[in-house]
Amino acid sequence: MSSTFVRGLKCRLCGQTYPISATNFCTEDFGPLEVDYDYEAIADALDRSKIELRPFNMWRYQELLPLDGEPTVGRQVGGTPLVRADRLARELGVDTLWIKNDAVNFPTLSFKDRVVAVALSKARELGLTTVGCASTGNLANSVAANAAAAGLESYILVPSDLERSKILGTSVFGAKVIGIRGTYDEVNRLCTQIAFKYGWGFVNINLRPFYAEGSKTFGFEMAEQLGWRTPRHVVCPMAGGSLIGKIQKAFNELHRIGSIEKPECKFYGAQPAGCNPISAMVKNGWDSHRPVRKPNTIAKSLAIGDPADGYFAAKVIRDSGGWAEDVTDREIAEAMALLGRTEGIFAETAGGVTIAVTQKLIEQGRIPRDEEIVVCITGNGLKTQDAVADCLEEPAVIAPSLEEFSGLLTEAASPVLV
Ligand SMILES: *Cc1c(COP(=O)(O)O)cnc(C)c1O
Ligand SMILES: [Zn+2]
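About the cut-offs
- Residues numbered from 1 in each chain as written.
- Chains lettered and ligands numbered in written order.
- Predicted model: local features only at pLDDT ≥ 70, side-chain atom pairs only at ≥ 80, totals over all residues.
- Heavy atoms only, no water.
- Helix = DSSP H or I, 4+ residues; strand = E, 2+ residues; numbered from the N terminus.
- Rg over C-alpha atoms; globule rule 2.2 N^0.38 Å.
- Buried < 20%, exposed > 50% of the residue type's maximum accessible area, 1.4 Å probe, protein only.
- Areas by Shrake-Rupley, 256 points an atom, 1.4 Å probe, with all protein chains shown as cover.
- Lys, Arg positive; Asp, Glu negative; His and termini not counted.
- Charge placed at Lys NZ, Arg CZ, Asp CG, Glu CD.
- Core = buried A, V, L, I, M, F, W, Y, C linked by side-chain atoms within 4.5 Å.
- Domains from an automatic or database assignment.
- Contact = heavy atoms within 4.5 Å.
- Donors = N, O, S within 2.8 Å, 3.2 Å for Na, K, Ca; no water.
- Axes fitted to C-alpha atoms, helices over the stretch in contact; angles between N-to-C directions.
- Parallel < 35°, antiparallel > 145°, perpendicular 65-115°, else oblique.
- Left-handed = near helix turned anticlockwise from the far one by under 90°.
- Nonpolar A, V, L, I, M, F, W, Y, C, P; charged D, E, K, R; others polar.
- Salt bridge = Lys/Arg side-chain N within 4 Å of Asp/Glu carboxyl O.
- Buried area = accessible area lost by both parts, 1.4 Å probe.
- Patch = residues over 30% accessible without salt bridge, like charges linked within 9 Å, V, L, I, M, F, W, Y side chains within 5 Å.
- Near = heavy atom within 4 Å.
- Polar contact = N/O pair within 3.5 Å; in protein donor to acceptor, adjacent residues only side chain to side chain.
- Phe/Tyr/Trp six-rings, centres within 6.5 Å; stacked < 30°, edge-to-face > 60°.
- Lys NZ or Arg CZ within 6 Å of the ring centre and 35° of its normal.

The helix and strand tally for the protein chain stands at 16 helices and 13 strands. What you see for the protein chain is a C-alpha radius of gyration of 22 Å, in line with the 22 Å of a compact globule of 418 residues. The principal-axis extent of the C-alpha atoms belonging to the protein chain is close to 75 × 45 × 45 Å. The burial tally for the protein chain puts 56% of its 418 residues in the buried class. Accessible surface, the protein chain as shown: approximately 17900 Å² in total, 51% of it carbon and sulfur. Taking the average place of the 44 positive charges on the side chains of the protein chain and the average place of its 51 negative ones, the gap between the two points comes to 4 Å.

In structure tokens:
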């Protein structure tokens, strides 16, 4: 159906075009390939009223995604809430704050279900039956679950020191999970060799041009949920650096097809201090990122030391007039607890990174207190519970007695206690 809207693949560096296939780099200069659309045809075929009549999931923007036919994997992904966060706003001292909450994305509770839905639907169109990924956790969960539901075989390679809950949450789907004694970047290199040797579809390697397009739906939804407009500021977590640029691309595409006014949005990137190649590049004014060889952070989902889209993420941030920051493990855990107690949202460590960085940027005066902010929450706290444990009070334990309970209340109310 949407095949008429895709022209092919195009190099992001030199513009060389290629036919659609499972490939991700330009043979001239090794630049990354991107899907090339016919926006005039899309503008003729798609408008707001047509989108609004469709089910509220990521496929309501189907013409702006690179499939030939209807999606066959992840048909219910997306359509997550945009939450007005007044209590958190008050705590941070700002007027208007929203949370785009992909902690409740279906089926594996992170925004990765969006990218995987596109990559695996495309893998099937290309006739692939074995798929896989290199992952810091959430992608592993999502590829395994969506491949299982689609009847595809999956090989998932992860750093062997990953959180146990993320490994269990992958194995349960019957995927072949392989722990690698190495960093994410070493895992990624191995996957590139495997994809090449066996001809499998690795979602974030040879299927990356299609995979990356799925992230746009996070931005499409954000603009539609704000009433077909863009916010002044977006704060986004960065691992490989893809999502942040795809939110901007989503806004630009909606404008290009006539659905929103020209976007005037500044983008801010958030990273953990223990793995901050992109934020360091922005803050220091470097031309390219310096890889972090040994990431060391509780935000494992963001621990990519040599980010594939680092250059483009920094460009989006700079060109939009935004900024980037990084925060310590302690700040991450405290921000997870802050989000929980103000908004009732349990985000994983990446969400702690994003909230803590938002707080920092507000305190630095980089984000003005009277302008609208959207914070991107991309994963669920139930997957990284241990990270926040030290910031929370242990529950009191008493006998099943009303007297002891009342004693507890008096104790809590007593001013002598600190
Ligand atoms: C993968 C991931 C990101 C970052 O995605 P990139 O597009 O690689 O920058 C952010 N948050 C969570 C929870 C993730 O799993
Ligand atoms: Zn090229």
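The subject of this paragraph is the nonpolar core. Judged by nonpolar contacts, the single largest core of 128 residues is most densely connected at Leu-88, Leu-97, Val-203, Met-222 and Ile-247. Each of domain 1 (3-75 + 112-211) and domain 2 (82-108 + 215-391) contributes no fewer than three residues to this core. If we ignore the near neighbours within four places in the chain, the residues touching Leu-97 are Val-83, Arg-84, Ala-85, Leu-88, Ala-89, Leu-92, Ile-373 and Val-375.

For a metal with four tetrahedral donors the ideal donor-metal-donor angle is 109.5 degrees, while six octahedral donors give ideal angles of 90 or 180 degrees. Within the first shell, the zinc ion (ligand 2) binds the protein through Cys-11 (SG), Cys-14 (SG), Cys-26 (SG), Asp-29 (OD) and Asp-29 (OD), at distances of 2.3 to 2.6 Å. The sequence pattern formed by the donor residues of the zinc ion (ligand 2) is C-x2-C-x11-C-x2-D. Of this pair, Cys-14 sits in the loop between β1 (6-11) and β2 (17-18) while Asp-29 is found in the loop between β2 and β3 (33-37), placing the two residues 15 residues apart along the sequence. Judged by its relative accessible area of 42%, Cys-14 falls in the partly exposed class. By relative accessible area, Asp-29 is classed as partly exposed at 30%.

Helix α12 (residues 310-320) packs onto helix α11 (residues 277-284) with a crossing angle of 45 degrees between their chain directions and a minimal axis gap of 10 Å. Accordingly, the angle class assigned to the pair α11 and α12 is oblique. In terms of crossing hand, the pair formed by α11 and α12 is right-handed. On the side of α11, the interface is formed by Ile-278, Met-281 and Val-282, while α12 contributes Gly-310, Tyr-311, Ala-313, Ala-314, Ile-317 and Arg-318. Its residues placed into classes, the contact of α11 with α12 shows seven nonpolar, one polar and one charged.

Before going further, it helps to examine the pattern of salt bridges. Within this structure, the stated rule accounts for 27 salt bridges. Of the charged contacts in the structure, one is a salt bridge between Arg-229 and Glu-372, with a shortest N-O distance of 2.7 Å. Of this pair, Arg-229 sits in the loop between α9 (216-225) and β10 (233-237) while Glu-372 sits in the loop between α14 (349-363) and β13 (373-377); the two residues are 143 residues apart in sequence, bridging distant segments of the chain. Relative accessible area serves as the criterion here: at 35%, Arg-229 is assigned to the partly exposed category.

Considered domain by domain, the protein chain is made up of domain 1 (3-75 + 112-211) and domain 2 (82-108 + 215-391). Computed over C-alpha atoms only, the centres of domain 1 and domain 2 are separated by 22 Å. Residue-level contacts link 40 residues of domain 1 with 38 residues of domain 2. Both sides of the domain 1 and domain 2 interface together cover about 3500 Å² of buried area, and 52% of this is carbon and sulfur. For the interface between domain 1 and domain 2, the tally reads eight salt bridges.

Right, let's get into a nonpolar patch on the surface. A cluster of nonpolar side chains, contributed by Ile-398, Leu-402, Phe-405 and Leu-409, occupies part of the molecular surface with about 390 Å² of accessible area. Mapping Leu-409 onto the fold places it in helix α16 (residues 402-413).

As a structural note, the neighbourhood of ligand 1 is formed by 16 residues, with Lys-112, Gly-240, Gly-241, Leu-243 and Thr-378 the closest of them. Separating an oxygen atom of ligand 1 from a side-chain N or O atom of Asn-138 is a distance of 2.9 Å. At 2.8 Å, a backbone N or O of Gly-241 approaches an oxygen atom of ligand 1. When ligand 1 sits alone it has 380 Å² of accessible area, and the protein chains cover 96% of it. In terms of residue class, the shell around ligand 1 is made up of seven nonpolar, seven polar and two charged.

Moving on to the side chain of Glu-163. Assignment of secondary structure puts Glu-163 in the loop between β7 (153-159) and α6 (164-171). Although Glu-163 lies buried, it forms no salt bridge, and the closest oppositely charged side chain, Lys-166, sits 4.0 Å away as judged by the N-O distance. The contacts of Glu-163, once residues within four sequence positions are left out, are Ile-298, Lys-300, Lys-383 and Thr-384.

As a further point, take the packing of aromatic side chains. Applying the stated criterion across every chain, the model contains seven aromatic pairs. Between Tyr-155 and Trp-200, the ring centres sit 4.5 Å apart and the planes meet at 20 degrees, which makes this aromatic pair stacked. One end of the pair, Tyr-155, is in strand β7; the other, Trp-200, is in the loop between α7 (184-198) and β9 (201-202), with 45 residues separating them in the sequence. Judged by its relative accessible area of 18%, Trp-200 falls in the buried class. Measuring from ring centre to ring centre gives 5.2 Å for Tyr-311 and Phe-312, while their planes differ by 80 degrees; the resulting arrangement is edge-to-face. A relative accessible area of 43% means that Tyr-311 is categorised as partly exposed. Relative accessible area serves as the criterion here: at 14%, Phe-312 is assigned to the buried category. Chaining the aromatic ring pairs together yields one cluster made of Tyr-155, Tyr-198 and Trp-200. Stacked on the ring of Phe-312, the Lys or Arg Arg-12 has its end atom at 3.7 Å from the ring centre. The ring of Trp-286 has Arg-290 lying over it, and the distance from NZ or CZ to the ring centre is 3.7 Å.

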